[in-house]
Amino acid sequence: MVLNLTTFEVLFYLLTGTLFWFPLRRAPSVLLKKVYSPQKMEELVNSFQIEMDTILLFLQNVNNVTILKNEKDISYEVTIKQTETTGDHRQYIKKKLRELGPIKPENSLISSYNADLTIYNGKKEEPKIVSYKIVNFYQGKSTMSPSLMKLVDKHDNNPYVGVAYPLQVDKAFIAHIFCFLPLPFTSSSHTNLPVHVNGFFNLDPARDHVLQATTGQVGERDTNIEWNELLIKEVLPEAYSKLVKDLIDEKRTPSEVYRSLPYVSEVTSDLWKQLLPPVFQRVLKMNVFHTERPERTLVNLESAVFNVFDEKEREAEQEMKNAVIDLIKRYDENLVLLPEHLKTLVISWNEYNFIPGVYPKFISAEYVANLLHRDSGYKKLSRGTKIILLNYFLQYASPENYKRFELIPTNDEDYFVSLTTKDPLYVCSDEKADLFPMVEKQLLSKLSDEIKKKVLTLKTGKKLLVLYLFKIAQAQVGISIYLLFVICLGFFIQSHHKIFKLSKFLNFPFEKRGHIVFILFCTSLSVG
């Protein structure tokens, strides 16, 4: 728009904000040789709009930025508004420092609040509203390390930082570095954190990036670089942990809390990796994890059981994992279901070692067996679930841990036995099981061959007899079959690996003879 003197005077005296006047220089002048055409001004405004979405996050006095092409045509506008109704949290630290004058505060100053950014892009669409949790922090002298105190006193640096966390999920979110205003977004400014970070950083002369040590740098450390590292390692973690604590206190959903934690595998910058240990050391000692218990208890790292299986069990079938996790829920344990990025953290715990001497608790067959020993509630589980648990123990647990569990399903749908049962067990193919009534509680046919084989291998000291029905080509059921049974007695092996002799069979009491005849009837031989 073209401003005459009258218009400028009106704006100067009546405008309550800050006016930026961009003169269109059509020809070189004494002040500047560079020419600004309308096209170049358009490019400048467009590039500014890219950063306008977040430009107000850490400013304390500016609440609104508007770009107009003329007096009424708004092409872009962003406004920040604190959502709390009490107190001016945005200017709290600034006012406190102004009251103290040149004296540094003895105690740390913290300002935490929620704010809405309203963004209007000049189109007819509804304005976009993005909610943030913002925490600003000024380190007090009483909690400064000697190294930080030295640089504060010597160089008059301000240990002032902030973090801003978007409360809505935004897959396009990219974290920016701020020194009150955002730095240009370049490859060197990638933090890959889930929050924007602000700090009284020392920047390069072009104000493009935070000064940091280069690979292989030798000689005396630059105090400007040392200051940046101390801000990141000592001061910024205080603001970050306060952010997480506030999310917990506000009873935010588990996903909102977990999403605020750094993705350790994605933070690749050597400078910003220094932030991870102090942040996790503070956060993981909090009751930050939501359990699956009915009352949704919150627990810290040491008290949680994570939905991460022991290393040798991680390749188990998903159905098996789901059954085990459901069982742990029934036992009212502090089970925590982690998102993938936090699973990566606990799986790689030995690599990071954020809290020495403390280790996350994984799910293992031994842990699950201890639950079942503690409470026999597993007996109320469905038949299908019991078979899955049996298979889980057979694959991953020591027999001593589960041999007393009644998980082996018999052909009686409601009857299960353990490896320590005193009764003989009979195994045959499922399609022939109906031929043998009255022994359903001792007959195992409705299991996979693999499970049958494993149970047989483990069953010691008892008569677990795995034999299969004769396959006699074109044979008629009658006395001839029983004669064949007798012939096969010489090949019959007890669980103690002794061979039954035919003469001994004739001396058996009638009821035991019946057992053996029955077992032989379950024998499977291929004829011809």
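Reading the values: rules and limits
- Residues numbered from 1 in each chain as written.
- Predicted model: local features only at pLDDT ≥ 70, side-chain atom pairs only at ≥ 80, totals over all residues.
- Heavy atoms only, no water.
- Salt bridge = Lys/Arg side-chain N within 4 Å of Asp/Glu carboxyl O.
- Helix = DSSP H or I, 4+ residues; strand = E, 2+ residues; numbered from the N terminus.
- Buried < 20%, exposed > 50% of the residue type's maximum accessible area, 1.4 Å probe, protein only.
- pLDDT = per-residue confidence, 0-100.
- Contact = heavy atoms within 4.5 Å.
- Axes fitted to C-alpha atoms, helices over the stretch in contact; angles between N-to-C directions.
- Parallel < 35°, antiparallel > 145°, perpendicular 65-115°, else oblique.
- Left-handed = near helix turned anticlockwise from the far one by under 90°.
- Nonpolar A, V, L, I, M, F, W, Y, C, P; charged D, E, K, R; others polar.
- Pairing = 2+ DSSP bridges.
- Right-handed = clockwise from strand over helix to strand, strands pointing away.

J.: Can you walk me through the pattern of salt bridges in this structure?
T.: If charged atoms from side chains of opposite charge come close, those side chains can pair. Throughout the structure, instances matching the rule amount to 16 salt bridges. The closest approach of N and O atoms between Glu-250 and Lys-133, which form a salt bridge, is 2.4 Å. Note that Glu-250 is positioned in the loop between α5 (223–249) and α6 (254–259) and Lys-133 in strand β4 (residues 128–138), a separation of 117 residues in sequence. Note on Lys-133: relative accessible area 1%, which makes it buried.

J.: Any chance you could explain the confidence of the model for the chain here in plain terms?
T.: Parts of the prediction with low pLDDT should not have their coordinates interpreted in detail. The pLDDT averaged across the chain works out to 82; a share of 80% of its residues lies at or above 70. Low pLDDT, under 50, characterises residues 1–5; the stretch is placed with seven contacts to residues that sit more than four places away or in other chains. Predicted confidence for residues 460–480 stays below pLDDT 50, and this span has 58 contacts to residues more than four positions away or in other chains.

J.: What should I look at first to understand the packing of helix α13 (residues 383–396) against helix α15 (residues 449–458) in this one?
T.: Angle between the axes and distance between the axes are the two parameters that describe a pair of packed helices. Put simply, α13 and α15 touch, their axes get as near as 11 Å, and they point 55 degrees apart. In terms of orientation, α13 lies oblique with respect to α15. By crossing handedness, the relation of α13 to α15 is classed as left-handed. Counting all contacts with α13, which are made through Ile-387, Leu-390, Asn-391, Leu-394 and Gln-395, the residues of α15 involved are Ile-451, Lys-454, Val-455 and Leu-458. For the contact of α13 with α15, the per-class residue count stands at six nonpolar, two polar and one charged.

J.: Explain the pairing of strand β11 (residues 305–309) here, please?
T.: Along any regular strand, the residues point their side chains to alternate faces of the sheet. Where burial is concerned, most of β11 is hidden: five out of the five residues are buried. Summarising the sheet, β11 and strand β12 (residues 335–336) pair through two bridges and their orientation is parallel. Looking at β12, one finds that Phe-306 is bridged to Val-336. For the crossover that starts at β11, traverses helix α9 (residues 318–330) and ends in the parallel β12, the hand is right-handed. Note that β11 and strand β13 (residues 361–363) share two bridges and pair parallel. Looking at the pairing, Val-305 lines up with Lys-361 of β13.

J.: Can you help me understand unusual backbone geometry in this one?
T.: As a rule of thumb, non-glycine residues mostly have phi less than zero, and peptide bonds are mostly trans rather than cis. With a phi angle near 60 degrees, Arg-207 is a residue other than glycine that sits in the positive phi range. Along the chain, the position of Arg-207 falls in the loop between β8 (196–199) and α5. Residue classification places Arg-207 among the partly exposed positions, given a relative accessible area of 31%. Despite not being glycine, Arg-296 has its phi angle at roughly 55 degrees, a positive value.

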